[in-house]
Amino acid sequence: MTFAAALPGKPREGAIGGPATARAVCVLASNPSAMTLDGTNTWIISEPDSDLAVVIDPGPLDDTHLRAVIATAESAGKRVALTLLSHGHPDHSDGAGRFAELTGTSVRALDPALRLGGEGLGVGDVITTGGLELHVLSTPGHTADSLCFHLPADRAVLTGDTVLGRGTTVVAHPDGRLGDYLDSLRRLRSLAVDEDVVTVLPGHGPVLDDARGAIEYYLAHRAKRLAQVETAVENGHGTPAEVVAHVYADVDPSLWPAAELSVRAQLDYLGEHGLI
């Protein structure tokens, strides 16, 4: 067993980017950071025999990246016909307007403020551009507008920031809510079990080849952190910053501001359930 195979979700080894499944190709944006990992994964989705493609999360406002996405599609004989957003964080959506100009496409999103062309995305919608079958899933929690996309033909799910290819994600309080996030993870676990989804195509990090394992790890991690936060409060750590310093002592301090968002979400959750 390789080291990668032993990690939650069985992340693929090697460079991020390029073909991931029969219908999904990743173009990695050049915006690496502690929060974006290697950068934003922009996904090109299309049926193998179609000349039309759907792009999910154009990424940051970076003309070089946006043109690379178009060139990647065109090199495969495809034209970008539709743009979708998993959520509105800038590293996923800031380039959407410019990308729409370059491709002449509409931009569909759950949040009306992010749409271009009028049509939004809703729970149960099925994208059929170029013969695709891409199901829209409501997965709030990381943000209120977070969506995932089920690609049944490839037994895959595109998860945006709801499930990452490495590490765990932030519940971006106050927009993100922990109760919603836990419900979304359970919904994804049911999808993995009931629909035999095996592959996670994340918004950041490597592709995961054990969707159920990754989601169950996320659920266990959240339960562990929640218990740690509850204990920290019981032991007198009264502010979110104090809880972060106590509970996230194993995390790079440069990430503590992001961790504090998750702690605030956890404190709200514990308060709503009468646990603190």
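All values derive from a computational prediction rather than experimental measurement. (Residues numbered from 1 in each chain as written. Predicted model: local features only at pLDDT ≥ 70, side-chain atom pairs only at ≥ 80, totals over all residues. Heavy atoms only, no water.)

1. Section: the sheet that holds strand S5 (residues 79-84)
Ordered by their spatial adjacency, 6 strands build an open sheet running S1-S2-S3-S4-S5-S6, and the pairing between neighbours is mixed. On the outer flanks of this sheet lie strand S1 (18-19) and strand S6 (107-108), each paired with one strand and no other. Examined bridge by bridge, strand S4 (residues 52-56) and S5 share 5 bridges and lie parallel to one another. Each residue of the ladder has a partner; that of Ile56, found in S5, is Leu84. Of the strands in this sheet, strand S2 (24-28), strand S3 (41-45), S4 and S5 touch helix H2 (residues 63-75), which is tilted by about 155° from S2. On top of the sheet, helix H4 (residues 96-103) reaches S4, S5 and S6; it is set at about 155° to S5, its chief contact. (Pairing = 2+ DSSP bridges. Helix = DSSP H or I, 4+ residues; strand = E, 2+ residues; numbered from the N terminus. Contact = heavy atoms within 4.5 Å. Axes fitted to C-alpha atoms, helices over the stretch in contact; angles between N-to-C directions.)

2. Brief notes about the packing of aromatic side chains
Counting across every chain of the model gives 1 aromatic pair. Ring geometry for Tyr217 and Tyr218: centres 6.4 Å apart, planes at 70°, overall edge-to-face. What makes Tyr217 partly exposed here is its relative accessible area of 37%. Judged by relative accessible area, Tyr218 falls into the buried class, the value being 3%. Stacked on the ring of Tyr248, the Lys or Arg Arg225 has its end atom at 4.3 Å from the ring centre. (Phe/Tyr/Trp six-rings, centres within 6.5 Å; stacked < 30°, edge-to-face > 60°. Buried < 20%, exposed > 50% of the residue type's maximum accessible area, 1.4 Å probe, protein only. Lys NZ or Arg CZ within 6 Å of the ring centre and 35° of its normal.)

3. Regarding the sheet that holds strand S7 (residues 126-127)
Pairing is mixed in the open sheet, where 5 strands are placed in the order S7-S8-S9-S10-S11. Of all the strands in the sheet, the pair left with one neighbour each is S7 and strand S11 (199-202). Across the sheet, helix H5 (residues 178-194) touches strand S8 (134-138), strand S9 (147-151) and strand S10 (156-160), and the angle it forms with S8 is around 150°.

4. Let's talk about unusual backbone geometry
Backbone torsion omega between His173 and Pro174 reads 5°, so that peptide bond is classified as cis. With respect to the helices and strands, Pro174 occurs in the loop between S10 and H5. Phi angles above zero are rare outside glycine, and Asp57 is one such case at about 65°. Within the element layout of this structure, Asp57 appears in the loop between S4 and H2. At Arg155, a position not held by glycine, the phi torsion is positive, near 50°. Along the polypeptide, Arg155 turns up in the loop between S9 and S10.

5. Describing the side chain of Gln266
Turning to its location among the elements, Gln266 is positioned in helix H8 (residues 256-272). In this structure Gln266 comes out as buried when scored by relative accessible area, which is 0%. A distance of 3.3 Å separates the side chain of Gln266 from the side chain of Tyr248, its partner in a polar contact. Each residue touching Gln266, except ones within four places of it in the same chain, is listed here: Leu178, Arg225, Leu226, Val229 and Tyr248. (Polar contact = N/O pair within 3.5 Å; in protein donor to acceptor, adjacent residues only side chain to side chain.)

6. Quick notes on the packing of helix H7 (residues 240-247) against H8
Where H7 contacts H8, the axes come no closer than 9 Å and their chain directions differ by 110°. Relative to H8, H7 is oriented roughly perpendicular. Crossing of H7 over H8 shows right-handed handedness. Between H7 and H8, the residues in contact are Pro240, Ala241, Val243, Val244 and Ala245 and Trp256, Ala259, Glu260, Val263, Arg264 and Leu267, respectively. The class makeup of the residues in the contact of H7 with H8 is 9 nonpolar, no polar and 2 charged. (Parallel < 35°, antiparallel > 145°, perpendicular 65-115°, else oblique. Left-handed = near helix turned anticlockwise from the far one by under 90°. Nonpolar A, V, L, I, M, F, W, Y, C, P; charged D, E, K, R; others polar.)

7. Observations concerning the pairing of S3
Among the 5 residues of S3, 5 are classified as buried, and the element is accordingly described as predominantly covered. Of the two faces of S3, the one carrying Asn41, Trp43 and Ile45 and the one carrying Thr42 and Ile44 are both buried. As defined by bridge partners, S2 adjoins S3 across 5 bridges and the pair is classed as antiparallel. In the strand pairing of S3, Cys26 is matched with Trp43. Bridge analysis of S3 against S4 gives 3 bridges, and the strand direction is antiparallel. Residue Ile44 lies in a different strand from S4, and its bridge partner there is Val55. Taken together, S3 and the strand that follows it, S4, pair antiparallel across an intervening segment of 6 residues.

8. A short note on H2
The first and last C-alpha atoms of H2 sit 18 Å apart over 13 residues, in line with the 18 Å expected at 1.5 Å per residue. Within H2, the full set of buried residues consists of His65, Leu66, Val69, Ile70 and Ala73. Summarising the axial view, the buried residues of H2 lie within an arc of 140°, below the 170-degree limit, and thus occupy one face. In H2, the exposed positions angled more than 90 degrees off the buried face are occupied by Thr64, Glu74 and Ser75. In this structure Asp62 caps H2, since a side-chain oxygen of it lies 3.0 Å from the backbone nitrogen of Thr64. The first or second residue beyond H2 is Gly77, which carries a positive phi of 80°. (Expected span 1.5 Å × (residues − 1). Arc of directions from axis to C-beta.)

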